[in-house]
Amino acid sequence: MVKVTLSSGTAQQFTNGVTEVNVEAKNVRQMFKALEADFPGLGEEIQTSMSVAIDGVILPDPFLEEVTEDSEIYVLPKIGGG
Amino acid sequence: MNEQPKQYKWVGTRAIRPDGVDKVTGRAMYGADLALPGMVEGKVVRSPHAHARIISIDTSKAEALKGVTAVITAADMPVADSKPVASGEAMINFKDLANNVLAREKALYEGQAVAAVAATTAAIAEKAAALVVVNYEVLPHVIDVMEAIKEDAPVLHDDMFTGGVKPKPEKASNVANRVEFALGDAEAGFAAADLVIERKFTTEPVHQGYIEPHAVVADMNPDGKVDVFCSSQGHFMVRAFCSQLLHIEMSKIKVTAAEIGGGFGGKTTVYLEPLAIMLSRKSGRPVRMTMSREEVFRGSGATSGAAMTIKMGATKDGKITGAYAELYLQAGAFPGSPVGPAAMTAFAPYDLDNVKVVGFDVVSNRQKVVAYRAPGAPISEYGVESVVDELASELGIDPIEIRTINAAKEGTQAAYGVKFGTIGFQETLDAAKATEHFKTPLGPNQGRGVASGFWFNIGGESCAGIRVNEDGSISLTEGSPDIGGSRASMALMAAETLGVDYHSIKPSVVDTDAIGYHFVTGGSRVTFATGMAVVEASKAAIDELRARAAKVWDVDVDGVVWEDGHAKPASTNVGDFEPMSLAEIAKVANKTGGPISGHADINAKGAGPAFGTHICDVEVDPDTGHVTVLRYTAVQDAGRAIHPAYVEGQIQGGAVQGIGWALNEEYIYDKNGRLENAGFLDYRVPVASDLPMIDAIIVEVPNPTHPFGVRGVGEVPIIPPLAAVSNAVAAATGVRFNQLPLSPPTILAGIAASK
Amino acid sequence: MAKHHITTTINGEEAEYLCEPQETLLDVLRDQVGLTGTKEGCSSGDCGACSVMLDGRLVCSCLVLGVEAAGKAVETIEGMADGENLHPLQQKFLEEAALQCGFCTPGVLVAAKALLDTNNNPTETEVRYWLAGNLCRCTGYDKIIRAVMDTAADMRGA
Ligand code: FES
Ligand code: FES
């Protein structure tokens, strides 16, 4: 199981306010699938319009990365810049 | 972390930039400097109304004018779906972008493009633009963010329902989106505090103010191929956006990056480029379009204005126990203010257990907001840094001390979730504290302000090519438009990696046909991400150079190492060979397999967050309300300064933009929603005589994921000045203003009210 | 509209162009003469990007008509270097990184040269006020001011 932390805003939209969700996944693409299965719309939303931070590194296009029980995973809005 | 910085030969030197001579002699080609044979000039017809339905557009008179080669309206443009598409890192709703480029049903701000013309001379084009008859039904408008969220405010988009809330609202409104971040329990945090301060703040939208107006030359062939030459922060962005908007395959569009006369985020989108392509298609001739300064103000750019509430609580000894922020950011006419980053950065410099931030993205009848240096962060951090300052002074704690007590460090969880790796916030505080500036006594009517700032920095797609020429010189290609000397930094990193003379490397920013996709020059990513690509391409070239030397020596490639620009046998076991220089290997390249090169196409990860701390001294004239900045010091963690002079330049330039934001810059609208100060005379950016020297102090806490430790520099310096200036004014006057800009009338009114 | 035939001197060489009565010197230089080093940032006299010398006087070429240059001497950024040899200001700007995007640079250099030609020992305040009409959004002016003062010091020393 990996633990995925959502912002309270995202949680209100997809998980009835639960900010920490656990899914079975070995990598990010499996994580997206599992999230989508448990909370319809969430996996899709993250893939298309959000970033994911894994162990402190913000990834705008995460997909192939491996995740483990110890990974710290946060879902964030996308960040651009001037 | 306290290891001595590695000694580099090129990295960290102040080499002369490769494009420098062209720029000091007037040779460099900016967006408006290209003239093609047969070229015609394009002009935009803009809405005179802040909010109006477009009933009809009659182009016949304009078309009939002698010399006119084309007239276009939104009817000439494909209709885009209203669906956000991932484009680079940003989510782009191409329907909104299309409408912003050329209004279809409604004009949503004064200055929005509604039609465009092309003619053989600029004067004729101007005349033709005036002959385009647009029939409008004027609608009620709303400019201010807090007005726009009122129940009875005119609604800009009747199909827009606030996102980020559940259940979906039943009524359309001007609130496009809501974001929220929370950690711990803010209320419990306030209960544990000895002192709680809650303040409301407002900031005005400001323009990026690049001195070069937008400019483009587009040339479409009868076979559908398009050449575009333009000033932008990303020629790949221009290609992608034009391709999407005009339904032209990317491979048919070649965009060449002109030298760019400043962008600061304002040139990360398209305005003229798609119009120029459409006009060229209709005219059958190359089309040049340039904005006047007035058009730049009315029709482009601007970052959000905002209204916000910041509440923070602390114990007697300065530990912040709870923090809350509510942010309303103007998006302009279409959704997309940087409220997400504003909310995430607000409290990021501090190690807090109990935080809550709520943010709203609000549309109103003004220009569609586009990025401006660290989008969103200067706004929210201005409010937070003001309250931190007030907490410090109420508690009798030194402003650097209170920040030190609460500073985020490695392992701190930021309010937006992520735990920081190696960061250098404390180092900037220490360096600020150690300055002579911080200890210098002040005179009457003078005050000192301190403020800090945080920005994530970003990575993203970049590519690089290293070609070893026959004579041993190096052609370095990449695709990040160079706004502030990045070609010099790229060449320095390549020289360092390859072990060759910086001057033997010629870096070029090449066109979209010549290299792979690059995300825009923005977010402080180029030295980090494109630099990473350059280092990887250099390493690939080194591997090839080693392989060639191995062939010459008839040994295994593993037996060859690369040191100081030479291939050398790894040990005496390999054989007794004279080291071969890069040039010597290049000379025999034809015998060993042909031309030698190295390439890298990457999506750079692991950008290093950066912090800055600024100190500002001001003097306030109690009779006129005029604020003079007397002295300014800006400290920033750059990770590693590849070219320290350009790092200082970024810090100084960003700080001065922040000072302008704090003191002078604002848009003034009349009651019809028309901009009254669309020029540099009345929209006053800082000039040389307004300012002192800006002492830039670079701190280097290397980013472990970058080969040289680069973090990125350009965004952070604009963040602290808003609060640093405002805290200094508070110290000088004894009055807290909590609104920007701190123009003389505001100051005078504030002083009068306090008496 | 009848075009005027203008004879003038640009960067020391005799030049001719045809221009309409309302055309600015800036437009003429850029579009007719092909000297695009002089930049347009505002065309209203507020940014200084278009600075040139007209008979030894510093002017905003966007506020001067093309016809006004008749019989006068125009000096632009393109004439500042002596062949291969950069003017000391140009050299100093490169060495001290006094430019970022470089768009304001031609105007700043022309204006700074005008100052040093008459005053080779300006104070920081004098330089700041002299260049107050030349907007730069990139540098915060720090390195520009230093480069001008350092060039002046070199010129005095030389
Ligand atoms: S273009 Fe002449 S002063 Fe700006
Ligand atoms: S260097 Fe960009 S405007 Fe001065």
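These remarks concern the structure in this document. (Residues numbered from 1 in each chain as written. Chains lettered and ligands numbered in written order. Predicted model: local features only at pLDDT ≥ 70, side-chain atom pairs only at ≥ 80, totals over all residues. Heavy atoms only, no water.)

Our focus in this paragraph is the overall build of chain B. Secondary structure summary: chain B contains 21 helices and 28 strands in total. For 755 residues, the compact-globule formula gives about 27 Å, and the C-alpha radius of gyration of chain B, at 27 Å, lands near that figure. Counting only C-alpha atoms, chain B reaches 85 × 75 × 55 Å along its principal axes. Counting over 755 residues, chain B shows a buried share of 66%. Residue pairs at least 24 apart in sequence account for 79% of intrachain contacts in chain B once pairs closer than 6 positions are excluded. (Helix = DSSP H or I, 4+ residues; strand = E, 2+ residues; numbered from the N terminus. Rg over C-alpha atoms; globule rule 2.2 N^0.38 Å. Buried < 20%, exposed > 50% of the residue type's maximum accessible area, 1.4 Å probe, protein only. Contact = heavy atoms within 4.5 Å.)

A word on the overall build of chain A. Scanning chain A for helices and strands turns up 3 helices and 5 strands. Along chain A, helices and strands appear, N-terminal first, in the series β-α-β-α-α-β-β-β. Relative to a compact globule of 82 residues, whose C-alpha radius of gyration would be 12 Å, chain A shows 12 Å and is just as compact. Expressed as lengths along the three principal axes of its C-alpha atoms, the size of chain A is roughly 35 × 25 × 20 Å. Each of the 82 residues in chain A was classed as buried or not, and the buried ones make up 55%.

The partner chain B presents 36 residues to the 24 residues of chain A that form the contact. Of the roughly 2,300 Å² buried between chain A and chain B, counting both surfaces, carbon and sulfur atoms make up 59%. Considering only the surface of chain A that becomes buried against chain B, Gln 13, Ile 79 and Gly 82 of chain A emerge as the three largest contributors, covering 25% of it. Counting every contact that joins chain A to chain B gives 2 salt bridges. Here Glu 72 of chain A makes a salt bridge to Lys 419 of chain B, at a shortest N to O gap of 2.9 Å. Secondary structure elements with two or more residues in the side of chain A that touches chain B: α1 (8-14), α3 (42-49), β4 (57-59) and β5 (73-77) of chain A. Per-element tally for the side of chain A that touches chain B: the top contributor is α1 of chain A, with 4 residues. Its residues assigned to classes, the side of chain A that touches chain B comprises 9 nonpolar, 11 polar and 4 charged. (Buried area = accessible area lost by both parts, 1.4 Å probe. Salt bridge = Lys/Arg side-chain N within 4 Å of Asp/Glu carboxyl O. Nonpolar A, V, L, I, M, F, W, Y, C, P; charged D, E, K, R; others polar.)

Turning our eyes to something else, we now look at the sheet that holds strand β8 (residues 133-138) of chain B. Residue and element names in this part refer to chain B. Taken together, 3 strands build an open sheet; the order of strands is β6-β2-β8 and the sheet is antiparallel. Each having just a single partner strand, β6 (106-107) and β8 make up the two edges of the open sheet. As paired strands, strand β2 (residues 52-58) and β6 are joined by 2 bridges and run antiparallel to one another. Note on β6: the bridge partner recorded for Ala 52 is Ala 107. (Pairing = 2+ DSSP bridges.)

It is worth spelling out the packing of aromatic side chains at this point. Residue and element names in this part refer to chain B. Within the structure shown, the criterion is met by 22 aromatic pairs over all chains. Here Phe 94 and Phe 241 contribute two aromatic rings whose centre-to-centre distance is 5.6 Å and whose plane-to-plane angle is 85 degrees, an arrangement assigned as edge-to-face. Here Phe 241 lies in helix α7 (residues 235-246) and Phe 94 lies in helix α3 (residues 94-101), a separation of 147 residues in the sequence. On the basis of relative accessible area, Phe 94 is assigned to the buried category, the value being 3%. For Phe 241, a relative accessible area of 4% corresponds to the buried category. Residues Phe 420 and Phe 611 carry aromatic rings whose centres are separated by 5.8 Å and whose planes lie at 75 degrees to one another, so their mutual orientation is edge-to-face. Of this pair, Phe 420 sits in the loop between α12 (399-406) and α13 (425-433) while Phe 611 is found in strand β26 (residues 610-620), placing the two residues 191 residues apart along the sequence. (Phe/Tyr/Trp six-rings, centres within 6.5 Å; stacked < 30°, edge-to-face > 60°.)

Residues and elements named next belong to chain C. If you trace the 5 strands from one edge of the open sheet to the other, you get β2-β1-β5-β3-β4, paired in mixed fashion. Each having just a single partner strand, β2 (13-19) and β4 (57-60) make up the two edges of the open sheet. Sheet twist, expressed as the mean angle between neighbouring strand axes with direction ignored, is 40 degrees. Here 2 bridges tie strand β3 (residues 51-54) to strand β5 (residues 73-75), and the two strands are oriented antiparallel to one another. (Axes fitted to C-alpha atoms, helices over the stretch in contact; angles between N-to-C directions.)

A separate point is the pattern of salt bridges. All names here are of chain B. Tallying each qualifying case throughout the model produces 47 salt bridges over all chains. With a closest N to O distance of 3.6 Å, Lys 433 and Glu 401 form a salt bridge. Placement of the pair is Lys 433 in helix α13 and Glu 401 in helix α12, with a sequence separation of 32 residues. For Glu 401, a relative accessible area of 30% corresponds to the partly exposed category. For Arg 631, the salt bridge identified is with Glu 436, shortest N-O distance 3.1 Å.

Next up on the list: unusual backbone geometry. Residue and element names in this part refer to chain B. Across the junction of Lys 166 and Pro 167, the peptide omega takes the value -5 degrees, indicating a cis bond. On the secondary structure map, Pro 167 appears in the loop between α5 (145-148) and β9 (175-183). Positive phi, close to 70 degrees, is recorded for Asn 457, a residue that is not glycine. Within the secondary structure, Asn 457 is located in the loop between β18 (446-455) and β19 (460-468). Here the phi dihedral of Asn 738 falls at roughly 55 degrees; this positive angle occurs in a residue that is not glycine. Tracing the backbone through its elements, the reader meets Asn 738 in the loop between α20 (720-733) and α21 (744-754). For Asn 738, a relative accessible area of 14% translates into the label buried.

So, about the interface of chain C and chain B. Contact with chain C, which involves 44 residues of that partner, is made by 52 residues of chain B. Across the chain C to chain B interface the summed buried area is about 3,900 Å²; carbon plus sulfur atoms make up 59%. Among the residues of chain C in contact with chain B, Leu 94, Gln 100 and Arg 137 of chain C are the three that bury the most area, contributing 22% of the side total. The interface formed by chain C and chain B contains 5 salt bridges. Close ionic contact of Asp 31 of chain C with Arg 288 of chain B constitutes a salt bridge, the shortest N to O distance being 3.4 Å.

Another point: the arrangement of the chains. In this assembly 2 pairs of chains touch, with chains B and C having more contacts than any other pair. The smallest C-alpha distance separating chain A from chain C is 13 Å, and no contact links them.

The periodicity of an α-helix, 3.6 residues per turn, causes residues three or four places apart in sequence to face the same way. All buried positions along helix α2 (residues 88-95) of chain C are accounted for by Leu 89, Gln 90, Lys 92, Phe 93 and Leu 94 of chain C. The inward-facing, buried residues of α2 of chain C contact α1 (20-25) of chain B together with α3 (105-118) and α5 (142-157) of chain C. Following α2 of chain C by one or two positions, Ala 97 of chain C has its phi on the positive side, about 55 degrees.

All names here are of chain B. You can see Pro 595 is positioned in the loop between α18 (589-592) and β25 (596-604). For Pro 595, a relative accessible area of 79% translates into the label exposed. Considered as a pair, Pro 595 and Glu 544 are 51 residues apart in the sequence and their alpha carbons are 10.0 Å apart.

All names here are of chain C. Its place among the elements puts Thr 139 in the loop between α4 (124-130) and α5. Residue Thr 139 is classed as buried on the basis of its relative accessible area of 2%. Placed 13 residues apart in sequence, Thr 139 and Ala 152 show a C-alpha to C-alpha distance of 20 Å. A distance of 2.9 Å separates the side chain of Thr 139 from the backbone nitrogen of Tyr 141, its partner in a polar contact. (Polar contact = N/O pair within 3.5 Å; in protein donor to acceptor, adjacent residues only side chain to side chain.)

Turning our attention to the side chain of Arg 239 of chain B. Residues and elements named next belong to chain B. With respect to the element layout, Arg 239 can be found in helix α7. Of the side chains with opposite charge, Asp 513 comes closest to the buried, unpaired Arg 239, at an N-O distance of 5.1 Å. Excluding residues that lie within four positions of it along the chain, Arg 239 makes contacts with Met 250, Ile 253, Val 255 and Thr 512. (Lys, Arg positive; Asp, Glu negative; His and termini not counted.)

Residues and elements named next belong to chain B. What you see with strand β22 (residues 560-563) is a clean split: Val 560 and Trp 562 sit on the buried side and Val 561 and Glu 563 on the side with no burial. When β22 meets strand β23 (residues 566-569), the two strands line up antiparallel, connected through 4 bridges. Residue pairing for β23: Val 561 is matched across the bridge by Lys 568. What sits between the antiparallel neighbours β22 and β23 is a turn of 2 residues, in which Asp 564 has the positive phi angle 55 degrees.

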